[in-house]
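# What the coordinates show
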Number of protein chains: 2
Amino acid sequence: MTEAVRVLLADDEHLIRGALAALLSLEEDLVVVAEAATGPEAMAMARAHAPDVAVLDLQMPGADGVRVATTLRAELPACKVLIVTSHGRPGHLKRALAAGVRGFVPKTTSAQRLAELIRTVHAGNRYVDPELAADAISAGDSPLTAREAEVLEHAADGAPVAEIAERAALAEGTVRNYLSSAATKLGAENRHAAVRLARERGWV
Amino acid sequence: MTEAVRVLLADDEHLIRGALAALLSLEEDLVVVAEAATGPEAMAMARAHAPDVAVLDLQMPGADGVRVATTLRAELPACKVLIVTSHGRPGHLKRALAAGVRGFVPKTTSAQRLAELIRTVHAGNRYVDPELAADAISAGDSPLTAREAEVLEHAADGAPVAEIAERAALAEGTVRNYLSSAATKLGAENRHAAVRLARERGWV
DNA sequence: TCCGGGGCCTGACATTTGTCATGCGAGGCC
DNA sequence: GGCCTCGCATGACAAATGTCAGGCCCCGGA
């Protein structure tokens, strides 16, 4: 038998992380060498233990799974990343793949299946949940231009146009214009609905 | 030794549910008699198995944990409810307690601790995570009147005033008035920021 | 080279939204 | 009863937002 696969587990929910560690330990060929509850902690643990596979939650305090994946890719190219997420938005998947992530699955996956997937990515293959992939494809690419997306992000917390204009160093009219065109492209009634839609699709 | 505590586990994340079931099974005095992935499923399972304790996720498709708890209280008063949540908003705790929930903890709790809490609520005691309780107290009661909250909910998806007015069967001016007073009470710049704040505090 | 298209940026104008003064009815208090 | 406060409801006015036509610059194709 070959060496056991060394796994890093990162999730801010202690409940799921501990339970998962216990279940994965039941698998003969998997060994959890480190656990982390935050993004920075995950990076530190990865540096310290150089795991074969990193199982990362998408939503963590400090730095999200994709950012951790980006760092890992640069510092530990041999470490394969598998992202696990509760509420998968299409755009996240795209960002994750761009960051070199090898696997992307929802938390509705069973532990048994997850163990299989850890082996899959460790073997050098990729795996993306079919349903999430379908969502990402049907959502397609963002139709927004760089400025439109930028302005929309600044508008995300409901700030008035004047404030957005200041933060983006643009005239108010310009900001209104981008907001308007973004809303039109997304088929939204106004910028607030546009923000909501863009969020859902992971475009901001 | 007394009878084992019969537990119902409801969570839409298969990963956490399965893992948790496995871990709780390691406890001698606990037995998981049913699992569910949605609100309605949880209710059906509860009726079928009449568990001693129901461990419910707050966010589930179909009906959230609090709604399930309300139903359970009416139909199975003997069944104690323990709510587990990922991102606890102050208002949810209040609603949960009003629904007769006996325990309320974040998912950052360890499985070991959760097992203890299941015994605690089964014994008839209550337990609320101290940090969540502190948040709820500092956030205080909602300052919004019934109509203000109602209108704010209708405004949640960024709909224009005309649409809100129609849905709430009010004049447009009236809707604007409620929106304005709600925003003022919450210290928000406009209704959209108000919606965001109210969401954070769990008041809508 | 010279268009044409697309992204970026702007101010002027129409529409929507937020604020204010006001009226009405239901309770609590003297 | 008389008085006050508070929530509910409305329309008029002021301010913020959305829409439009147009100018500028860069790049790729004719």
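It should be emphasised that the depicted structure is a prediction, and the values quoted were computed from it without experimental measurement.

### Here's the deal with the relation of the copies chain A and chain B
Of the transformation superimposing chain A on chain B, the axial component is 0.1 Å and the angular component is 180 degrees, with the fit at an RMSD of 0.3 Å. Here the transformation between the copies is reduced to the relation of a two-fold axis. A symmetric contact is evident, with 100% of the interface residues of chain A recurring at the interface of chain B.

### Observations concerning the protein's contact with DNA strand C
Near DNA strand C you find 15 residues, and of these T145, T174 and Y178 of chain A together with R176 and S180 of chain B are the closest. By atom count, sugar and phosphate contribute 66% of the portion of DNA strand C lying within 4 Å of the protein. Contact between DNA strand C and T145 of chain A: a phosphate oxygen at 2.7 Å from a side-chain N or O atom of the residue. Y178 of chain A places a side-chain nitrogen or oxygen 3.1 Å from a phosphate oxygen of DNA strand C. Of all the elements in the fold, those that place two or more residues in the surface near DNA strand C are α9 (172-186) of chain A together with α9 (172-186) of chain B. With four residues, α9 of chain A is the largest single contributor of residues to the surface near DNA strand C. Broken down by class, the residue content of the surface near DNA strand C amounts to five nonpolar, seven polar and three charged.

### Examining the environment of T109 of chain A
Tracing the backbone shows T109 of chain A in the loop between β5 (103-106) and α5 (111-122). Its relative accessible area of 11% is what places T109 of chain A among the buried residues. In sequence terms T109 of chain A and V7 of chain A are 102 residues apart; their C-alpha atoms lie 18 Å from each other. Excluding its chain neighbours within four sequence positions, the residues that come into contact with T109 of chain A are L114 of chain A together with H14 and L15 of chain B. Of note is the side chain of T109 of chain A, whose polar atom sits 2.6 Å from the backbone oxygen of P106 of chain A.

### A look at the domain arrangement of chain A
Looking at chain A, the domain boundaries give domain 1 (5-139) and domain 2 (146-201). One C-alpha centre belongs to domain 1 of chain A, the other to domain 2 of chain A, and the line joining them spans 33 Å.

### Here we look at the pattern of salt bridges
A complete count under the given rule lists 28 salt bridges over all chains for this structure. Residue R113 of chain A pairs with E116 of chain A through a salt bridge whose shortest N-O separation is 2.9 Å. Of the two residues, R113 of chain A and E116 of chain A both sit in helix α5, three residues apart, roughly one turn of that helix. In this structure E116 of chain A comes out as partly exposed when scored by relative accessible area, which is 34%. In this structure, E75 of chain B engages R47 of chain B in a salt bridge whose closest nitrogen and oxygen atoms are separated by 2.6 Å. Of this pair, E75 of chain B sits in helix α3 (residues 65-75) while R47 of chain B sits in helix α2 (residues 39-49), placing them 28 residues apart in sequence. When its relative accessible area of 41% is taken as the criterion, E75 of chain B is described as partly exposed. One salt-bridge network, in which partners are shared between bridges, spans D11, E13, D57 and K107 of chain A.

### A closer look at the protein's contact with DNA strand D
Inspection of the region around DNA strand D gives 15 residues, with R176 and S180 of chain A together with T145, T174 and Y178 of chain B positioned closest. Atoms of DNA strand D within 4 Å of the protein belong to the sugar or the phosphate in 63% of instances, the rest to bases. Between DNA strand D and R176 of chain A there is a distance of 3.1 Å, counted from a base nitrogen to a side-chain nitrogen or oxygen. One of the side-chain N or O atoms of N177 of chain B is found 2.9 Å from a base oxygen in DNA strand D. The set of elements that each furnish at least two residues to the surface near DNA strand D consists of α9 of chain A together with α9 of chain B. Among the elements that line the surface near DNA strand D, the one with the most residues is α9 of chain B, at four residues. Among the residues forming the surface near DNA strand D, the class breakdown is five nonpolar, seven polar and three charged.

### Re helix α10 (residues 191-201) of chain B
If you check which residues of α10 of chain B are buried, you get R191, H192, A193, A194, V195, L197 and A198 of chain B. In this structure, the buried residues of α10 of chain B make contact with α10 (191-201) of chain A together with α7 (146-154), α8 (161-168) and α9 of chain B. By the N-cap criterion, in which a side-chain oxygen at the helix start approaches the backbone nitrogen of a residue two or three places on, α10 of chain B is capped by N190 of chain B, the distance to H192 of chain B being 3.1 Å. With its phi angle positive at about 75 degrees, G202 of chain B sits one or two positions after the end of α10 of chain B.

### A word on the sheet that holds strand β2 (residues 30-36) of chain B
Residues and elements named next belong to chain B. Overall, parallel pairing links the six strands, which are arranged β2-β1-β3-β4-β5-β6 in an open sheet. Among the strands making up the open sheet, the edge pair consists of β2 and β6 (127-128). For strand β3 (residues 53-57) and strand β4 (residues 80-85), the ladder comprises five bridges, and the chain directions are parallel. Bridge pairing links A54 to V81 in β4. Along the sheet, α2 makes contact with β1 (5-10) and β2, crossing β2 at roughly 135 degrees.

Definitions and cut-offs
- Residues numbered from 1 in each chain as written.
- Chains lettered and ligands numbered in written order.
- Predicted model: local features only at pLDDT ≥ 70, side-chain atom pairs only at ≥ 80, totals over all residues.
- Heavy atoms only, no water.
- Least-squares fit on C-alpha atoms with pLDDT ≥ 70 in both.
- Contact = heavy atoms within 4.5 Å.
- Near = heavy atom within 4 Å.
- Polar contact = N/O pair within 3.5 Å; in protein donor to acceptor, adjacent residues only side chain to side chain.
- Helix = DSSP H or I, 4+ residues; strand = E, 2+ residues; numbered from the N terminus.
- Nonpolar A, V, L, I, M, F, W, Y, C, P; charged D, E, K, R; others polar.
- Buried < 20%, exposed > 50% of the residue type's maximum accessible area, 1.4 Å probe, protein only.
- Domains from an automatic or database assignment.
- Salt bridge = Lys/Arg side-chain N within 4 Å of Asp/Glu carboxyl O.
- Pairing = 2+ DSSP bridges.
- Axes fitted to C-alpha atoms, helices over the stretch in contact; angles between N-to-C directions.

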